[in-house]
There are 2 protein chains.
Amino acid sequence: MGNRVNTEKKSRVNVELDCPIKMPKASGFLWNKKMVVQVNCRGYVNSQYMQPEPRKYSYAPNIEEKTFIQPEHNYFTHHPARFFYIKDEDLKHCFSVPYEPMRVTLDKFSFVQTSSEIYWLIEHLDLSIKIAISLSKHDIVERWSLSVKNLRRNGGKRNISIYPYFTVGYMSWMNQSARFDEELNGIVASAVTPYQKVAQYFKNKELKDKTYFLADKKPIAWHTNQFTFEGEGGLYAPDALKELTLSNDDARYETPVAVVQYRESLAEHESTTFQFLFGPAKDELEISTISKRYFGETKQEKAQKDYDDYIAQGKACLKINTEDTEFDDFINHWLPRQMFYHGDVNRLSTDPQTRNYVQDNMGMCYINPNVARNALILALSQQLLSGAMPDGILLHEQAELKYINQIPHADHCVWLPICLAVYLNETGDVDLLSAKIPFADSDKSKTFSEHIMLALDWLLKATDHRGLSLIEQGDWCDPMNMVGYKGKGVSSWLSLATACALNTWCDLCEEYAINISMKKCADYRLAALTMNKAVNSYFWADNWFARGITDENRIFGTAKDNEGQIYLNPQSWAMLSGAASPEQQQLMIKAITEQLMTPYGVMMLAPSYTSMVEDIGRITQKHPGVSENGSVYNHAAIFYAYSLYQVNENDLAFDVLKKIIPSLDNADKSGQLAVFVPNYYRGAYYQYPEQAGRSSQLFNTGTLAWLYRCLVEELCGLKGGNGVLYVAPKLPSCLNRISGQRLFRGAKLVYVIEKSIQIDKLETYLDGKLRPDNQLTNLEIDKTYQVHILVPAND
Amino acid sequence: MGNRVNTEKKSRVNVELDCPIKMPKASGFLWNKKMVVQVNCRGYVNSQYMQPEPRKYSYAPNIEEKTFIQPEHNYFTHHPARFFYIKDEDLKHCFSVPYEPMRVTLDKFSFVQTSSEIYWLIEHLDLSIKIAISLSKHDIVERWSLSVKNLRRNGGKRNISIYPYFTVGYMSWMNQSARFDEELNGIVASAVTPYQKVAQYFKNKELKDKTYFLADKKPIAWHTNQFTFEGEGGLYAPDALKELTLSNDDARYETPVAVVQYRESLAEHESTTFQFLFGPAKDELEISTISKRYFGETKQEKAQKDYDDYIAQGKACLKINTEDTEFDDFINHWLPRQMFYHGDVNRLSTDPQTRNYVQDNMGMCYINPNVARNALILALSQQLLSGAMPDGILLHEQAELKYINQIPHADHCVWLPICLAVYLNETGDVDLLSAKIPFADSDKSKTFSEHIMLALDWLLKATDHRGLSLIEQGDWCDPMNMVGYKGKGVSSWLSLATACALNTWCDLCEEYAINISMKKCADYRLAALTMNKAVNSYFWADNWFARGITDENRIFGTAKDNEGQIYLNPQSWAMLSGAASPEQQQLMIKAITEQLMTPYGVMMLAPSYTSMVEDIGRITQKHPGVSENGSVYNHAAIFYAYSLYQVNENDLAFDVLKKIIPSLDNADKSGQLAVFVPNYYRGAYYQYPEQAGRSSQLFNTGTLAWLYRCLVEELCGLKGGNGVLYVAPKLPSCLNRISGQRLFRGAKLVYVIEKSIQIDKLETYLDGKLRPDNQLTNLEIDKTYQVHILVPAND
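Please read these numbers as outputs of a predicted model, since none were measured by experiment.

## Focus on the sheet that holds strand β28 (residues 548–549) of chain B
Backbone hydrogen bonds hold the strands of a sheet together, and the pairing may be parallel or antiparallel. Residues and elements named next belong to chain B. With antiparallel pairing, the 4 strands of this open sheet are ordered in space as β24-β25-β28-β29. Two strands close off the open sheet at either side, each with one partner strand: β24 (469–470) and β29 (555–556). When strand β25 (residues 490–491) meets β28, the two strands line up antiparallel, connected through 2 bridges. Its bridge partner being in β28, Ser 491 is matched across the sheet by Gly 548.

## Some words on the interface of chain A and chain B
Note on interface size: it is often stated as the accessible area lost on association of the parts. Taken together, the contact between chain A and chain B spans 66 residues of the former and 66 residues of the latter. Between chain A and chain B, a total of about 6,100 Å² is buried, with carbon and sulfur atoms accounting for 53% of that surface. When the area that chain A buries against chain B is broken down by residue, the three leading residues are A:Gln196, A:Glu232 and A:Tyr253, summing to 12%. Viewed at the interface, chain B and chain A are joined by 6 salt bridges.

## Quick notes on the packing of aromatic side chains
Applying the stated criterion across every chain yields a total of 106 aromatic pairs over all chains. Each ring, one from A:Tyr310 and one from A:Phe340, has its centre 5.4 Å from the other, and the planes form 55°; the classification is tilted. On the criterion of sequence distance, the pair formed by A:Tyr310 in helix α4 (residues 297–312) and A:Phe340 in helix α5 (residues 325–345) is long-range, its members being 30 residues apart. Each member of the pair, A:Tyr310 together with A:Phe340, is buried. Every member of this aromatic cluster is reached through a ring pair, and the members are A:Tyr49, A:Tyr57, A:Phe84, A:Phe111, A:Trp120, A:Trp144, A:Phe166, A:Phe213, A:Tyr262, A:Phe274, A:Phe276 and A:Phe278. A cation over a ring is seen here: B:Arg337 above B:Phe29, with NZ or CZ 4.9 Å from the ring centre.

## Remarks on the relation of the copies chain A and chain B
Relative to chain B, chain A is turned by 180° and slid 0.0 Å along the rotation axis, the superposed coordinates differing by an RMSD of 0.0 Å. Taken together, these values place the two copies in the relation of a two-fold axis. Comparing interface residues between copies, 100% of those in chain A also lie at the interface in chain B; the contact surface is shared.

## Things to note about the pairing of strand β9 (residues 108–113) of chain B
Residues and elements named next belong to chain B. The element β9 is extensively covered by neighbouring structure, given that 5 of its 6 residues are classed as buried. As judged from the 6 bridges shared by β9 and strand β10 (residues 118–124), these two strands associate in the antiparallel manner. Bridged to Phe 109 within β10 is Ile 122. Two successive antiparallel strands, β9 and β10, enclose a turn made up of 4 residues.

## What to know about the nonpolar core
With 238 residues, the main nonpolar core has A:Trp505 and A:Trp573 as its most contacted residues. In terms of residue count, the dominant contributor to this core is helix α10 (residues 492–511) of chain A (12 residues). Not counting residues up to four positions away in its chain, the partners in contact with A:Trp573 are A:Trp415, A:Ile418, A:Trp493, A:Leu496, A:Ala497, A:Cys500, A:Phe639 and A:Trp706. Listed in part, the 237 residues of the second largest apolar core include A:Tyr195, B:Val414, B:Leu496 and B:Leu596.

## Regarding the side chain of A:Glu326
In this fold, A:Glu326 is placed in helix α5. Among buried Asp, Glu, Lys and Arg side chains, A:Glu326 stands out as unpaired, with A:Lys658 the closest opposite charge at 7.2 Å.

## A few points about the sheet that holds strand β40 (residues 769–770) of chain A
Residue and element names in this part refer to chain A. One open sheet holds the 6 strands; their spatial order is β21-β37-β38-β42-β39-β40, and the pairing between them is mixed. Two strands close off the open sheet at either side, each with one partner strand: β21 (318–321) and β40. Strand direction decides the pairing type here: strand β38 (residues 747–756) and strand β42 (residues 784–792), joined by 9 bridges, are parallel. The residue bridging Tyr 751 from the neighbouring strand is Val 787, located in β42.

## Looking at the side chain of B:Thr272
Residues and elements named next belong to chain B. Here Thr 272 is to be found in strand β20 (residues 271–281). Looking at Thr 272, its side chain comes within polar contact range of the side chain of Glu 264, at 3.4 Å. Residues within four places of Thr 272 in sequence aside, it is in contact with Leu 146, Ser 147, Val 148, Ile 162, Lys 217, Glu 264 and Leu 266.

The rules behind each value
Residues numbered from 1 in each chain as written. Chains lettered and ligands numbered in written order. Predicted model: local features only at pLDDT ≥ 70, side-chain atom pairs only at ≥ 80, totals over all residues. Heavy atoms only, no water. Pairing = 2+ DSSP bridges. Helix = DSSP H or I, 4+ residues; strand = E, 2+ residues; numbered from the N terminus. Contact = heavy atoms within 4.5 Å. Buried area = accessible area lost by both parts, 1.4 Å probe. Salt bridge = Lys/Arg side-chain N within 4 Å of Asp/Glu carboxyl O. Phe/Tyr/Trp six-rings, centres within 6.5 Å; stacked < 30°, edge-to-face > 60°. Buried < 20%, exposed > 50% of the residue type's maximum accessible area, 1.4 Å probe, protein only. Lys NZ or Arg CZ within 6 Å of the ring centre and 35° of its normal. Least-squares fit on C-alpha atoms with pLDDT ≥ 70 in both. Core = buried A, V, L, I, M, F, W, Y, C linked by side-chain atoms within 4.5 Å. Lys, Arg positive; Asp, Glu negative; His and termini not counted. Polar contact = N/O pair within 3.5 Å; in protein donor to acceptor, adjacent residues only side chain to side chain.

Shown next as structure tokens:
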């Protein structure tokens, strides 16, 4: 088996990979508020930190463009890495761990991701080696440890050289150098970030332009010069390792590297352990502070404990036990962890897309609703008085709208009431709605409710003569940028999402008795109805809803198209908005099943485009089956699952949802560890079957909050309302029982949901007492309740 | 010897390197108007083409930032390359040529740059291999050939597999793929250049987003997928080569590569030859056109002939014979070639810096003065009515001022009369001066002369209360950007250069009887004098001129500074402007000799800065000894040589000049082939002696025109005037005789310059007749003259 789930202790859920070859791109990730590291099973590392924009301290061998993390990231020999060369000085054998760059077949290999640590257990040449990396709670530092143990039972002492190799890489064409600092006991590489304008100098002054590699033990020698270290042997067999002792080379306007040498004599079963710290700093003083803060056993333990505690904040409100351990672990552990990562560090962006920011905080409603509350307020405070939301939310005073946030997208307002629904369902905090919130372009302030309604009014205004939503240069689908760039094109999805947003708001107003005028509410209901009708009259074609009408007045996403014939999102949201009749729903579902369903999940569209369509745009230029161009784009897939639950297609919903979750079953194809939901699996299943199912390896995705919502509100059916918890589980045929725990507004519900052939209507027992309406009320903070839910077996 | 000069035939001057290890960064370069390739001796290649801005078709393994070529370019395993793996199928031995990535020690190795071709001659495993690359005159295509010959005298047929490996690399995160195209008989990699804004799409539509690799013979198999090609073996020992036949893999959103396989049976002394074409194209049709245009023996010969003829345009007006073959070859051949590259393609920029553009065209005066004429007119047509010159000259309607051209530099006007002097000296074309030329910001037009005087007036106005030139954010020295960014700082160099420009203009007016008012001329002379005086009163400190006075009113470049104590340029230009008295000159020269002179040339400043000086700027942040921060910056060094000639320091001038020219003598240190003048050799000689002398390997430099001017007007002393050629050679002690040829305004002068102990005054004989004034007049077009020049031996 390539990877396996290993529940060591109840509190620690590890995922393990026992081979460096089968899934070469498999990786885990660690983060704190200031940095993120993606650690590849073979020893390559992608690391970034915020200052305030994302920056590197371990660089490529050339000047890399600053971009977001690439899907299906490409690794290559000189990719930033953390290796350890180990040389048996007696046998003159050398190998590298964890695997790169020597790629020796190791006797034992295990790559393990835990919540707050990534480590390898390796055996080779009768040595047992453990390499581990963790972070700190507050600092920008990689905390590494290495221990090497002699497993040989006889033969006396062994002489081993150990060489940590940490990539510094091509730092700067202006100035780069590295040297060993005796006082710091480590290598300090220094650079000047290139710039040309004077004003930039003053900004750059504060940058952490040094990269440090510190060791807790004094090495016997070191090397900081990439070129002379490698020599003609290359990274595979560096010339520097052919000598008994490293040559203590500086790098002077030469690509730096951090390599040190330890020579150890290990008796039978003797072991030796090292600690290393690696990261960026402004100056030696800062490096010294880091050194003092993290070296020493007690400090290390403290640092690990603090970091464990930080990561442990990524716990959410639901625990489930379905007896499928892998599934349960993912839901109980990895999903909340990933959701917390999104909510806590906002994808390491200072200007997250509004859509992402709002949905990521929808996930935070299940972890720490107060964070979501503040995020909603921050987002609305950047709203324009017109009701329009900006394309990105600025999180930092120096932040500015960059890249995709400079392109006008029409959907941002949609997410506000939807995220609010989850927030209110989890908290019941109606007070939020009367909070006064300012605007980006006005001195006025209005209540939260008024802001929401301005957003809805803006959506209603941003429609054409047919009452359909103008798409501008994109809706949820970023690269659908040329459908409406001339100002005419409309989006069926956005029209449906607008209807859905309107209904959601009205539902909330009703459920939570929000104080808005009856007239306004009725108007919104009518507007939603009208929107749904318009969508029906313009977009229903064949047996599904088309995706849009372009500036050229061309409808697309219908059977008449050779490519992009059917899109998933309009179908899902037609179910959510109420636009689709039960008959239409069945036709749509059938079409999706036939055209979009694959063993790896449901594709976002099919067939994938193979060439540019100029009135659709950039999406059609992406590689077929990749990203928005017909991959199993999990964000879209979970919309579909959620919509299926709304129309009680519980089996299908569960099937779609299950395929989103990485597992052993799909690891061979996906090539990723079951520690995060990727943003996509390759689609174009019928066009490029060989690549289909392959993971993007990207752990930034809008999928998570919706996935969690499906689990909480739909699968387990434990959904909050105004002073109430509604009980309505939606078990699929394949699942007869779920037990677990639901935290709800401070109360703890220990629940069992099980099918019973003895009933024909749902029955809910709270502490043994039947609740005839399947509603739990008067739950008290800090109290624990037993909830027993019986579901008719033949439902 | 690492490299040697090999004058095969009179018409072909080759430079050869016999080892791939000793000078691993050694490279040659080829270009045409649309592209440039820098070919490293080990098989790595930097290639760029213009569309209209510089772009790649052979990419790095990651997303590389678009920057100018880096000094001391860093090579790494997956750097863009053109390799050939060769496998002896019987012996199962495999190696790669020219050297990378397998790095096998070859029996014979020779890397050769000729004018218009780069090739390798290699012997290994009893195979003789020739690899060659050349370009075409007009297209963007690398024309490669490979021949393999069986050297074995017995043993019957040998079975060989040959695998060209051409890097395509990471093309795009939006879309990248590759496949073998049977019809084209080659590999076509396709990509979509990433973008986000709609407007960009319409620009990008025309891009050559495909990379093709075409072969003239049908391969038996192919591979286009970098990752599966390498497998666990890596580039050193690719898995794909372990099989008998390549597996014909596509790349589908996977990093593409172009590899094909040939299997050949070679009898004794049998050989086989292949042709390959590699480059970017918009579509298959364009690729097909390239294929038809260049495959086939006749077409290849024609293409090579056309390209030879193109490169052969890089001939200039002087041939010398000093009996130092290496020196002569460089002057006669490589220097004009490099000068032509600069003048013909403007460093592959669409907005060359004005300073570079004007000086590069100063070089064209010696090759094709008409090009220089047009360039001067184009430059002046972008002048503002105020007289100010823009920071860059836009060569293309879509071009815009980028990077460094967005920073205001104060020196651009200076170069106009200086370049004009060379133009007039070479052509006598005074008509140019009355040409009417428009402005960038006005409908008016004025004569060339008036434009020049506006530039001079602007320089005189851009001075402070002391009459010193304001430096703004830099002068000739780009990164000296914080001396005057607050509007107060002044530059001694720019003041001197202004005086020099004024005098140059007045000299021209006198020499060529240019029709300007006497008053104006007298004013300029006075202004130059006043400027020189001001420089003397404010900058003469210690025994040399300081470099500037900062915004903070701090003088720098004096003995009081710990770093940047002495700068070369103010000394050189004080000699050029007439500011320095003979006594001062001797003091300056002494200081330079003591503090700036090194075995590798004269440093631009010393000691190099080791940390930021906030009232000087970016130059102080560059690595010590690199680029402007105290390297042997050849552009500055040649200014010094030229100025030494003006004060008849002929020995020292020749010494400085000679050290600029790469040669066998300095190859061990410089690490570069003697085929181009690099922009710098590492300086900081006393601070970092180990790196001192190392070449930047950059062949873009303003040095060339000045170097050529020194040779023509000073060393050989054959300088044009108004209807006259002045004869005044300045032979150094070490050189007793130069013979050669001087083309001058259509006449051909076959000259001999030699020292004679029998005379005490220069004697010039034209066709045997003594010219008592040492002036040659009435030279006629298309006529050949014999010129015999006797120089007093004890001069």
